[in-house]
Amino acid sequence: MTLPQTLETWIARVERRETHIAIIGLGYVGLPLALLFAEARFRVTGFDIDTTKVNALNAGRSYIHRIEPAHIAAAQAAGFRATSSIADLRACDAVLICVPTPLHPDHTPDMSFVTGTIEALAPHTRPGQLIVLESTTWPGTTEELIVPTLERLGPTPVHRNNPSTPYSLVPIPSLLVAFSPEREDPGNRTTPRREIPKVIGGISPDASAAAAALYGSIFDRTVIVSSTAAAEMTKLLENIYRVVNIALVNELKQLCLAMGIDIWEVIAAASTKPFGFQAFYPGPGIGGHCIPVDPFYLSWRAKQFDRPTRFIELAGEVNEAMPAFVVATVQRALLDRGYSLRGARILILGIAYKRDVDDLRESPALTIFDLLQHAGAEVAYNDPFFPEVGAGRKYALKRHSTPLDRIAEFDCALLVTDHSAYDIPALVAASKLFVDTRNATHGLDSPNIVRC
């Protein structure tokens, strides 16, 4: 392989589709990104420490619901392959990192996946490579964690522009490093991925330019910001905006229930205002990798600057309390019918964090499941996307999905995730008690329904 000699030739190779791209982390972010590059005729190597995923992909199989085997086959025809050998990535021109950034139990950032990846990758880097972190993280991660680790453990320094020598005109002797936050939206079938603008912040202007050229080949628009920290903060702002507004409607929902007001009717009415209002909707809690996690990444970082983020932390607390509110509602509904929560048989409908996705990350259903069990209930679940559930970082259900035709055997059916496959009127009719956390029973009138 001929190494790119200057930034200009690096960009020219992108335009000719000669750039070899590596994606680290083949999950809900990394695999769709790999397929997007493969569709654009790039040669892509996917890396994951999970050999089950690697073997499945190389055999042409998919483990994500919305990704069909045909998508994998098309990528393989363009040169895609998966590997669990980090050394294979030395041959790649760009390495894009899409690994988890969860929280520790005390709500502090768990950076072990990022640090482990960079420490493993660093010895296999080479001059001219572009290294991009996509994982959501605290502002300053790239400059304070990624760059020092690459320079400490790798053979190649990280490039910072020298104003006296335009980098595009000189050989590339070092690494180009940038941050570009993922904006994956599982289950979104209305907005093509390429239409979602890509935010980019580089350690140097040339790193930004190289990353913009690469991402610009698959996204309709790239947005370059002044620094990696600005790009990191952009992702946090996007998600914290949602967290705060979801917390607002979750709190208002509880008040409206106490006042006998339909919060969904109120939101619909407020949405008719053509300015100054955007609708957010309440639920049993928040899930997914980013929304429940991002506020705590920023609040942890803010404490290092002696700037408490009380407003953001309060929103996180409101949303985290929603599963307990759901369980309390179930308990009251059972008591009203002469049952105790202890010993009650409860069927949770939907354990994915979001409608019509096969994603359990931070799902409020898992917390609700755990709270109900600790209260002495006998709990089962149904989810068309999860015939069985084993163990994850925070849960160990080890259960199989219960068929819906057994719903009448349970004292309560608790709708947590309103998958489109559910025939809500039929489920309500078959249930002794139907607790609805998603307004899926709107328009139905039955003594079996309790909305929360």
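Refer to the structure printed above.
Residues numbered from 1 in each chain as written. Predicted model: local features only at pLDDT ≥ 70, side-chain atom pairs only at ≥ 80, totals over all residues. Heavy atoms only, no water.

## Observations regarding a nonpolar patch on the surface
Our working definition: Each patch is built from salt-bridge-free residues with over 30% relative accessible area, joining like charges within 9 Å and nonpolar side chains (Val, Leu, Ile, Met, Phe, Trp, Tyr) within 5 Å. Residue burial considers only the protein chains on display, and all accessible areas are found by Shrake-Rupley using a 1.4 Å probe. Salt bridge criterion: a side-chain nitrogen from Lys or Arg within 4 Å of a carboxyl oxygen from Asp or Glu. Secondary structure follows DSSP: runs of H or I at least 4 residues long count as helices, runs of E at least 2 residues long count as strands, and numbering of each begins at the N terminus.
A cluster of nonpolar side chains, L248, L252, L255, M259, I261 and V266, forms an exposed patch at the surface whose accessible area comes to about 510 Å². Looking at which element gives the most residues to the nonpolar patch, the answer is helix 8 (residues 228–259), with four residues. Along the chain, I261 turns up in the loop between helix 8 and helix 9 (263–270).

## Here's the deal with the packing of aromatic side chains
Rules: The criterion for an aromatic pair is that two Phe, Tyr or Trp rings (for Trp, the six-membered ring) have centres within 6.5 Å, with stacked assigned to planes under 30 degrees apart, edge-to-face to planes over 60 apart and tilted to the rest. Buried, partly exposed and exposed residues are distinguished by accessible area as a fraction of the type maximum, computed with a 1.4 Å probe on protein chains only: under 20%, between the cut-offs, and over 50%, respectively. Here, a charge over a ring means that NZ of Lys or CZ of Arg falls within 6 Å of the ring centre while also lying within 35 degrees of the ring normal.
In the structure shown here, the tally under the stated rule is six aromatic pairs. Judged by centre distance (6.3 Å) and plane angle (45 degrees), the rings of F37 and Y215 are tilted. On the criterion of sequence distance, the pair formed by F37 in helix 2 (residues 30–39) and Y215 in helix 7 (residues 205–216) is long-range, its members being 178 residues apart. For the residue pair F37 and Y215, the accessibility class agrees, reading buried in each case. Both rings, one in Y215 and one in F219, keep their centres 6.2 Å apart while their planes meet at 50 degrees; by these two values the pair is tilted. The residues Y215 and F219 share a single accessibility class, namely buried. Ring pairs connect the aromatic residues F37, F42, Y215 and F219, which therefore count as one cluster. Directly above the ring of Y215 sits K198, whose terminal nitrogen or CZ lies 4.5 Å from the centroid. Looking at R345, its charged tip hangs above the ring of F410, at a distance of 4.6 Å from the centre.

## Quick word on the pairing of strand 5 (residues 130–133)
Operational definition: Any two strands are treated as partners once DSSP identifies two or more bridges connecting them. By convention a crossover is right-handed if, when the strands point away from the viewer, the path from the first strand over the helix to the second runs clockwise.
Of the two faces of strand 5, the one holding L130 and V132 and the one holding I131 and L133 are both buried throughout. Where strand 4 (residues 94–97) and strand 5 come together, four bridges link them in parallel fashion. In the strand pairing of strand 5, L96 is matched with V132. Handedness of the crossover is the feature at issue here: the chain leaves strand 4, passes through helix 5 (residues 112–121), returns alongside strand 5, and the resulting connection is right-handed. Direction of pairing for strand 5 relative to strand 6 (residues 176–179): parallel, over a ladder of four bridges. Along strand 6, the bridge assignment pairs L130 with L176.

## Notes on the packing of helix 8 against helix 10 (residues 294–303)
Put simply, the rule reads: Axes here mean lines fitted to C-alpha atoms, for a helix over just the part in contact, with angles spanning 0 to 180 degrees between N-to-C directions. The cut-offs work like this: below 35 degrees is roughly parallel, past 145 is roughly antiparallel, 65 to 115 is roughly perpendicular, and the gaps in between are oblique. Note on convention: the crossing is left-handed when the near helix lies turned anticlockwise from the far helix by less than a right angle, right-handed when the turn is clockwise. In what follows, residue pairs with any heavy atoms lying within 4.5 Å of each other are defined as contacts. Amino acids are sorted into nonpolar (Ala, Val, Leu, Ile, Met, Phe, Trp, Tyr, Cys and Pro), charged (Asp, Glu, Lys and Arg) and polar (every other residue, Gly among them).
Where helix 8 meets helix 10, the closest approach of the two axes is 8 Å, and the angle between their N-to-C directions is 120 degrees. In terms of their interaxial angle, helix 8 and helix 10 are classed as oblique. In the crossing of helix 8 with helix 10, the sense of the turn from one axis to the other is left-handed. For the pair formed by helix 8 and helix 10, the contact residues are M233, K235, L236, N239, I240 and V243 on the first element and D294, P295, Y297 and L298 on the second. A per-class count over the contact of helix 8 with helix 10 returns seven nonpolar, one polar and two charged.

## A look at helix 13 (residues 364–374)
If you check which residues of helix 13 are buried, you get P364, A365, L366, I368, F369 and L372. Packed against the buried residues of helix 13 are helix 12 (322–336), strand 9 (345–349), strand 10 (378–382), strand 12 (396–400) and strand 13 (412–415).

## Details of the packing of helix 2 against helix 4 (residues 69–77)
Pairs of packed helices are described in terms of their axes, by the angle between the two and the distance that separates them. Between helix 2 and helix 4, the least distance of the axes is 9 Å, while the angle of their chain directions is 50 degrees. The orientation of helix 2 relative to helix 4 falls into the category oblique. Remark: the crossing between helix 2 and helix 4 carries left-handed chirality. Listed contacts from helix 4 to L31, L35 and A38 of helix 2 are H71, I72 and A75. By residue class, the composition of the contact of helix 2 with helix 4 is five nonpolar, one polar and no charged.

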